[in-house]
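Listed below are the residues making up each chain.
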Amino acid sequence: MTHRDWNSDWPAPAKLNLFLHVVGRRADGYHLLQTVFRFIDRCDTLRFSPRSDGRIELATPIPGVPADSDLTVRAARLLQQHTGCRQGATLHLDKRLPMGGGLGGGSSDAATVLLALNHLWQTRVPRAELERLGLTLGADVPVFVHGRNTFAEGVGEAFTDVELPPATYLVLHPEVQVPTAAIFGAPELRRDTPAIRPADWRPGDGHNDLEAVACARFPAVAEHLDWLRRQSPTAMMTGSGACVFASFADRAAAAAALAACPAGMNGWLADGLPFHPLAEIV
Ligand SMILES: C[C@@](CO)(OP(=O)(O)O)[C@H](O)COP(=O)(O)OP(=O)(O)OC[C@H]1O[C@@H](n2ccc(N)nc2=O)[C@H](O)[C@@H]1O
Ligand SMILES: Nc1ncnc2c1ncn2[C@@H]1O[C@H](COP(=O)(O)OP(=O)(O)O)[C@@H](O)[C@H]1O
């Protein structure tokens, strides 16, 4: 296991939803999903400095996100409250993942804060308890704490881990921020895809039920998806958008597709990870 301490960089990887089915709705309005989360090697990076005054400060606030509502600050304060820990920390976030991109960047940042400070403060909260704590911050946080590529159910907190073959993805980033709540709240959203058994799922199976809604409301998402689908029939939107991705047999084929990208479309290549880079941290 990699040794990590206060001087380390702490990665917060992006995820792709390899498919996403809406199979129902809970009484509180939250949607019941089936999805496979895959971690990729595109990351935000966090660093931490110790503080003896007990305060949590974010040294690198994101424009438009007040520090008190930043998921990193909220995660650190939640762990403090949960454990009664009197230590503090200054957080440094190197933000690389787009916001509202469907890559889970904010949720991944929050999960990395929970895992890192639990290690650095030596609060020793078991991982399963950190997952439950993370769920109070957002539906996507538990999977990043969980740390394994996984078939997720419920709102994304019940996991059946999956082994995924190596893959290179081309990810395109339409320059729009898609608000997750608006996509789930759309009246036209199909919420009745029949549930499948996790053991029956194979890579390539399934579709994204949120895609049609996001494409109708954000034409840039539809344009990027249409173009990418002509390069690879595997193209799909991740999460509630905006990013779309396709898997390629090898890196050269993915690079050729990226090079052919029309002016005005931005994208990058990413490799699928076998597990989260902090999967072994305790
Ligand atoms: C769609 C997914 C798929 O992985 O990812 P993203 O596209 O956001 O990355 C997630 O389910 C998103 O998780 P997350 O982004 O953490 O969502 P939250 O903050 O918990 O919820 C934002 C809002 O979306 C709606 N919501 C979210 C999740 C869910 N299963 N049902 C819902 O109806 C709720 O209205 C909620 O208030
Ligand atoms: N550290 C953070 N990084 C990104 N977004 C954050 C963060 N803290 C709070 N947010 C809020 O969460 C929203 C969703 O961000 P993000 O998780 O990156 O997108 P998505 O859920 O589409 O993958 C942002 O629009 C922003 O308002």
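Residues numbered from 1 in each chain as written. Chains lettered and ligands numbered in written order. Predicted model: local features only at pLDDT ≥ 70, side-chain atom pairs only at ≥ 80, totals over all residues.

Enquirer: Go over helix 3 (residues 127–135) with me, naming the residues and quoting the values.
Expert: For helix 3, the full list of buried residues reads Leu-130, Glu-131, Leu-133 and Gly-134. Summarising the axial view, the buried residues of helix 3 lie within an arc of 165 degrees, below the 170-degree limit, and thus occupy one face. Packing partners of the buried residues in helix 3 comprise helix 1 (71–83), helix 2 (105–120) and helix 4 (141–146). (Buried ≥ 20, exposed ≤ 12 C-beta atoms within 10 Å, placed from the backbone. Helix = DSSP H or I, 4+ residues; strand = E, 2+ residues; numbered from the N terminus. Arc of directions from axis to C-beta. Contact = placed C-beta atoms within 7 Å.)

Enquirer: Explain the sheet that holds strand 10 (residues 267–271) residue by residue, including any values.
Expert: Reading across from one edge, 8-9-7-10 is the order of the four strands in this open sheet, with antiparallel pairing throughout. Each edge of the sheet is formed by a strand with only one pairing partner; in this case those strands are strand 8 (236–237) and strand 10. Bridge count for strand 7 (residues 168–172) against strand 10 is five bridges, and the pairing is antiparallel. Bridge pairing in strand 10 places Leu-170 opposite Leu-269. Strand contacts of helix 7 (residues 219–231): strand 7, strand 8 and strand 9 (244–248), with the helix running at about 10 degrees to strand 9, the strand carrying the most contacts. (Pairing = 2+ DSSP bridges. Axes fitted to C-alpha atoms, helices over the stretch in contact; angles between N-to-C directions.)

Enquirer: Lay out the site of ligand 1 in plain terms, naming residues and giving numbers.
Expert: Around ligand 1 sit 20 residues in total, of which Gly-138, Ala-139, Asp-140, Phe-184 and Gly-239 are the nearest. For the shell around ligand 1, the elements supplying multiple residues, two or more each, are strand 1 (10–25), strand 2 (31–51) and helix 5 (180–184). Of the residues belonging to the shell around ligand 1, the class tally is seven nonpolar, twelve polar and one charged. Of the residues that make up the shell around ligand 1, three or more belong to each of domain 1 (10–161) and domain 2 (168–271). (Near = placed C-beta within 6 Å. Nonpolar A, V, L, I, M, F, W, Y, C, P; charged D, E, K, R; others polar. Domains from an automatic or database assignment.)

Enquirer: Would you mind going over the packing of helix 1 against helix 2 in detail, with residue names and values included?
Expert: The geometry of helix 1 relative to helix 2 is characterised by a closest axis approach of 8 Å and an angle of 35 degrees between their N-to-C directions. Helix-helix and strand crossings are classified by hand; for helix 1 and helix 2 the assignment is right-handed. In contact with Leu-71, Thr-72, Arg-74, Ala-75, Ala-76 and Leu-79 of helix 1, helix 2 contributes Gly-106, Ser-107, Asp-109, Ala-110, Val-113, Leu-114, Leu-117 and Asn-118. Tallied by class, the residues present in the contact of helix 1 with helix 2 amount to eight nonpolar, four polar and two charged. (Left-handed = near helix turned anticlockwise from the far one by under 90°.)

Enquirer: Tell me about the pairing of strand 5 (residues 150–154), and please be specific about residues and values.
Expert: Strand direction decides the pairing type here: strand 2 and strand 5, joined by five bridges, are antiparallel. Residue pairing across strands places Leu-33 opposite Gly-154, the latter belonging to strand 5. The sheet contact formed by strand 5 and strand 6 (residues 158–161) spans four bridges and is antiparallel. Pairing of Thr-150 across the sheet is with Asp-161, part of strand 6.

Enquirer: Give a detailed account of the domain arrangement of the protein, specifying residues and quantitative values.
Expert: Per the domain assignment, the segments of the protein are domain 1 (10–161) and domain 2 (168–271). On a C-alpha basis, the centres of domain 1 and domain 2 stand 22 Å from each other. In this complex, domain 1 contributes 25 residues to the contact, which on the side of domain 2 involves 32 residues. If you list the elements that add at least two residues to the side of domain 1 that touches domain 2, you get strand 1 and strand 2. In terms of residue class, the side of domain 1 that touches domain 2 is made up of twelve nonpolar, ten polar and three charged.

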